[in-house]
Amino acid sequence: MTAKALSILISLVVLAGLVFGTVVVSGPSTPPRVDDPWSQVPVWPKATDHSAFFETPFEDGPAVTRACLECHPNAADEVMRTSHWTWLGDEASGEALGKRNAQNNFCISIASNWPRCTSCHVGYGWEDDTFFETAGPDRVDCLICHDGSGQYEKAATEAGRPGASTDLLVAARSVGRTTRSNCGVCHFRGGGGDGVKHGDLDQTMYFPPERVDVHMGKHDLRCADCHQAEHHRIRGRMLPSGDDPETRSSCIDCHSAEPHRQDRLNTHVKSVACQTCHIPRYAIETGTKLWWDWSKAGLDGDPGKVAHDLVAKIVEDGSGYPDAVVEGFRRVGSDPDYHAHYDKKKGLFLVARRLVPEYYWYNRRTSRYVPGQRYEGEAPLAINRPGGSARDPKAKIWPFKVHRGVQPFDLEHRHLLVPHTFGAGGYWTEFDWERALTEGAAASGIEYSGRRGWIATEMYWPQNHMVQARDEALRCVDCHGDGGRMDWVALGYRGDPAFTGNRRQMDVVREEGR
Amino acid sequence: MRVAAVLLLAAAVHAGSLLHPDVALLDADGRSVLETNRPVSPARTCGECHDTDYIAAHSYHALVGLDEIGNRGGFEWDLGPGMFGRWDPIVYRRLGEDGDLGEAEWIRIYGERHVGGGPAAEAGVEMNCFLCHLPRPANAPRVDALRNGKNEWAATATLAHTGLVERAGNGEWRYVKSRFGEEGIVPQQALGLTDPKAANCGLCHTQVWTAPEPLALDCEKLARDTDCSGQVFSPQRVKDSALNLAGKEALAQPWDVHAERLLECTDCHHALNNPVRFTEAERSRPAHLAYDARRLEISEYLKTPNHHFTKGESAQGNVARRLDGSMRRCEGCHNAEATHEQWLPNPRRHLRTLLCESCHIPQVFAPARRQTDWTVLTEERGPRIEYRGVDGPPHEATSTIHGYRPVVLPRHQRDGLIRHGPHNLVTSWFWVAGDPARPIPQALLESAWFDEAGGYRPGIIGALDENGDGHLEGSELRLDTEAKVDAIRTALALHGADRPRITGSIQPASLHHGVVAGDFATRRCETCHNEKSRLTEPFELSSYVPTGASATLVGDTNITMPGRLYEEGGRLLYEPIPTASGRYVIGHDRAGWIDWVGVLLILGTVFGAAMHGLARFASARRHDGGAA
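Residues numbered from 1 in each chain as written. Chains lettered and ligands numbered in written order. Predicted model: local features only at pLDDT ≥ 70, side-chain atom pairs only at ≥ 80, totals over all residues. Heavy atoms only, no water.

With respect to the interface of chain A and chain B
Accessible area lost upon the coming together of the parts is a frequently used measure of interface size. Every contact between the two is made by 19 residues of chain A and, on the other side, 19 residues of chain B. Each partner contributes to the roughly 1,500 Å² buried at the junction of chain A and chain B, and carbon and sulfur atoms together form 54% of this total. The largest per-residue losses of area from chain A upon contact with chain B belong to A:D471, A:R475 and A:F499, which jointly make up 40% of the total buried on that side. Counting across the interface, chain A meets chain B through 4 salt bridges. Between B:K239 and A:E472 there is a salt bridge, and its shortest N-O distance comes to 2.2 Å. For the pair chain A and chain B, the interface holds 10 residue pairs in polar contact (both at pLDDT 80 or more). It is helix α19 (residues 497–500) of chain A that contributes the most residues to the side of chain A that touches chain B, 3 residues altogether. (Contact = heavy atoms within 4.5 Å. Buried area = accessible area lost by both parts, 1.4 Å probe. Salt bridge = Lys/Arg side-chain N within 4 Å of Asp/Glu carboxyl O. Polar contact = N/O pair within 3.5 Å; in protein donor to acceptor, adjacent residues only side chain to side chain. Helix = DSSP H or I, 4+ residues; strand = E, 2+ residues; numbered from the N terminus.)

Some words on the side chain of B:H340
When you line up the elements, B:H340 lands in helix α18 (residues 336–340). With residues up to four places along the chain from it excluded, the contact list for B:H340 reads B:P347 and B:H360.

Regarding helix α23 (residues 482–494) of chain B
All names here are of chain B. The terminal C-alpha atoms of α23, which comprises 13 residues, lie 18 Å apart, in line with the 18 Å expected from a rise of 1.5 Å per residue. Taken together, the buried positions of α23 are K484, V485, I488, A491 and L492. Along the long axis of α23, the arc covered by the buried residues comes to 130 degrees, so they all point the same way. Across α23 from its buried face, at more than 90 degrees, point the exposed residues A483 and L494. Where α23 is buried, its residues meet β10 (418–433), α21 (442–449), α22 (458–464) and β12 (501–510). Just downstream of α23, G496 is the residue with a positive phi angle, here 110 degrees. (Expected span 1.5 Å × (residues − 1). Buried < 20%, exposed > 50% of the residue type's maximum accessible area, 1.4 Å probe, protein only. Arc of directions from axis to C-beta.)

Thoughts on the pairing of strand β3 (residues 288–293) of chain A
Two faces belong to every sheet, and in a regular strand the side chains alternate between them. Residue and element names in this part refer to chain A. β3 sits mainly inside the fold: 6 of its 6 residues count as buried. Sheet topology places β3 next to strand β5 (residues 347–352); 5 bridges connect them, and they run antiparallel. Pairing of D293 across the sheet is with L348, part of β5. Here 3 bridges tie β3 to strand β10 (residues 396–410), and the two strands are oriented parallel to one another. (Pairing = 2+ DSSP bridges.)

Laid out in C-alpha cells, this is it:
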C-alpha cells in the first residue's frame, strides 16, 4: 500500500468517525407525529361515461337493472347480500334485526306500511312481506345510488319504484360514482322528512358550508370518501349490536389516533370519542325531531292551534315529561310556526335545531328492544341503548341525539305495538287506533290483545356528521368546570375528572394486563 | 399513590364550598341579626371560625396602601404607593392635608373597588368577606350603600342575591326570616360560601365573562384593568363575542387561554400560606432544596388564611411591592424550554430576555384607554378621554373595535433580570399649580370652567369654540394652541390657582391576561428580527399634545422606556429603541464594528486564498523548472 493510499484510508476513517460521532451526539430524533388524513382519502378513478351505452328508452326500473347487469353481472348479487337490500342488521354477524322487522319511535314499523317506507329501499316493488321470496336481481335499483342526472327519484308511496316523471334513459346514461345526492335522498330524509331522524344528517349536507360540516363543506368530501365500499358492502353502521371493525367507518380511518399537538388532548382520546368534541352541536341549520307523541294524534282543528294548546299545557305542567322535552317546548313557546309541531296523522312533535348532544358511554355495541319482547320495566322503554360504562375500557363518551316519544303499547302482552298507518284502512286515513293496531298486528305478527295503552320510549342516535374543525370544537371549559355540559356523576365519575382525576387515575377502569 | 393523593387534595380544595358549615349571621356585637335587625358584621360572623382580625391585617386588598403611607408613590405629591395614598389621574381627586379628598369621600369614590376594612374600617366599612366568597355577590347594592353613606349596611347589601335580605327603605336592609333555618342559622345552600372565583375578582379588577352568552363589554363603565389595558378574562372565543370587532370571524382564540382551561384567578394569586399551593421563592429557598415538604396544617390555614395574595411584578401593581414575584409565573407551571427548543432558535436567551407574554399576548381585542385629559372639562365635568383600539367612543355600537398591539418594554425584575413584556401606556394631561406643584383641585377646575348655572363660562367658550356655534364639542375640547392654553391658565389663576401649568404623566399597564396558546402566539422570527421590528413599532401615547406640555413616566414603576418621545402630526408617539437599553435585536439593529469585522474577514480570506494560490503557483513553477 502506498503512502498516498494510506492517507486516503486514514482520511476516510476520520471522516466516518466524524459522521458517526455527529449522529451519536445529536441523538435519536423523535419522529414527528403524523396526521395526514388526505393520504387515506381514495383517489377515485374517473367514472366511465355511460352516455353512449344506452339508446332506447327503458320500460321500467328493472329494465335498467337488466341492462346494467349485462356488463356488471355480479353487482345485483352483491347488493342483495348487503343491509341496504336486506334491511337486516349486521352483515358480518348475520343479525336478524334491522329496519325490516324492528320497531322505532318514529313511524314505528314498516310492517303493513311497506309501500311508503320502502320508497327508500334499494329495490323495486317491496309492497308486502313476500317481496324477498320473489324478488330477482333485476329488482335491485342501481340508479338510486349511481344516477348522476339529478332527476331520478323514487315515488314517495310506490314501494321503491321511480316516479312517473323520471326519465330512465337519461338516468341510465348519467350513471357514475355515488354522490351526496344519491345517499342523501334517503339518509337525509329518514323518519319521514328532512332531518327528522338522525339529527346530524339533513339536506343542508348536500352542499354544506364549513360551519355545518368541515369534511363536506371545506374539504368537499363525498359520503363515499369515508363510507367506502367493497363489493357494494358499504362501511358504516348506525347502532349494530356487534362491533365488527370491517363494517364500521371511523375517524381514525383517515386521521391519526393521536392527532392533537397537545398531549392532554391525546390523553382524552382514550375516553372521549372524536365526535364528542368535534360535533359540539347537531341539527345546525335544520330542525330535527326530539319528541314524537303518537297519543296526541287524531285531534281535529288547525294544527298550529292544536300544537299551541298542547305545548302550553306541557310548559305549564311538565309532570310526566322528560326535563329536556319540557325545556325544549318552553323554548318553542315563542315560535309562531306551531304547524311544525303537530300533525293530526302523527301527533305532537318537538322540533328543534342547534342542539347540544346528550353524552353517554358507548363501546360501539348496542342493546336492542326485540319486537314482541315483553317489557315489565318502568317507562321510558329504551328501544336501543348504547353499550358501555365508565368501567368499560373500550367505551368512550359519545354524543347522542336521544329521540323520545310516546307510542302504542299493549297493556296485556306488555310489548310495543305496530300500527297500520299508511294506505287503505290505515290510521292516517281512518284515524281509528283499534283498526290500525289490529291490522298492524296481523301484518307484523306482533300480537295485539285489544288492551291499548301508551308508553314513553327513547332511542339513541350517535352523532357522526356535522363535524367541526378545531376552531369550533369543544374546549376544556365546555365540559369541565361549573358550567360544563357533562353530567360527570351520571357518567360514573366521582366528579369532574379535571379535578378528581380521570377514570384510570381513579381506578374506575383498569387497562388490560394491569 | 402520590398522584392519587394530590388529586384527592385538589378535589377537596375544589369541593371547598361543600365543606363549609351553616353559619349564623351576627351583628357587630355578636348577636344574631334576626334578633337585632342590625347590619351583618362579616368580622363577627366569619370570625366565629376564622381569625378575621388576622385576615384584615394581612390583606393588601383591605389595606390598599394604608400600611405603606410614606413609601414612594408615582408622583411627588403622593402619600404612598397604594390606592389609599397614591394620586390616580383617572379618578383625579387627591388625598392628603392639602388635597381635595377626605376619607369619607374616598370610600364613596373608591369603595366600589375596595373590599372594605383598612382605611375604611373606622368609617364602619368592615372587610367584606361576602364580596369574594359568595358565588353571586350583589355588588351594585353594596356600592349603592357606600355611595349613600350607609357604610355599615354594605356587607348586608352584598347578600341581596341570596334572598336572605330585602330592602327596608332609607338605604337599610331587613332579613327574610323564612329563608333562615332553625335558630336563625343560614344553610350553606343559601349562601354557597366558596373560594373566590374569577367573577368575584372581576368585580373590582377586570372584565370577567364566563356565561355562555356572547361576551359584551360594559363600555359605559369598563372594569378598571380592562379600561387601562383592554384585558378580558373569559374562556369564550373572541369570534363568539358580541363585540363589533373587525375581522372577528377569524379570531378563534379564546379571550384568555387560562380561563378556557378552567383556571381561576386564585390558582395563581393564592393566599400566601395556602398549604396546597405554597412554593417558596427561589431567592429564599436553600440551594439544596427543590421542594419543602413541610406544610401548614389545613386547620391552621383555615383559621388564619393569609389574605396577602401572591402577586407578580406588574408595572402598575404598586401596593405591597415586597410581595412582587411571589406568585408562580408562567415558567412555574410550564416547561417553556421543552416546548420551544424544537423550533425557537436559542430558546434560553429568548426566555431570559422576553416575558412569555411578549409572544403570547400579541394582540389585545378590547379597547384600552390611551389618554385622559384633565386640562379640559367636558359638559359632564369630567376629563376628555380617548381609547386606543377603537375608531370611536367604545360605548357606541357604531364604533368598530380593532384592538391594539401592545408596546414591548423592559421590566426590571426583583431577580435582577431585565425582561421585556407587553404594555399599554396611558397618558394623562393635567394642570398643576403652586410650588411644590400639586394637581389643581377638581372643584377649582370646575369653578374656572363653569358658571353658577352649570354652563361653560363665556370666556371659555370664546377661547375654544372654533366653529362659533356656542358649544364645545369634539376636537374643540383640546388645548392645542398657545392662545387656548393662556385662556384656561388665566381662568384658573383668576379662581385662585398659583402659576397654573400643564404637565403629563405616562402610566404603564403591563399585560398578563388575555394570554393565547402557541397556535395564536407570535411565532414568526421576522416579526421581531426585521428592519420593521415589532419591538420598535411606534406607539401612540396621545392623539394630541396640549401646547407646551410634556409627559414623563410615573415614578413608581418597574419598567423603563428606552427610546424617544416625539410628536408627529400633532400626536405624541413613543418609539422603543432596544439598543438604548443595551439590547441588540438581530435583523433589526446594526453595530458598525461587526460590519467592519465582517468586511475584514472577507478581505482577509480573499487575501489569504490569493496568497496561498500564488505560493502554490510559484512552488509548482519551481518544481517544473527543477524537473526540466
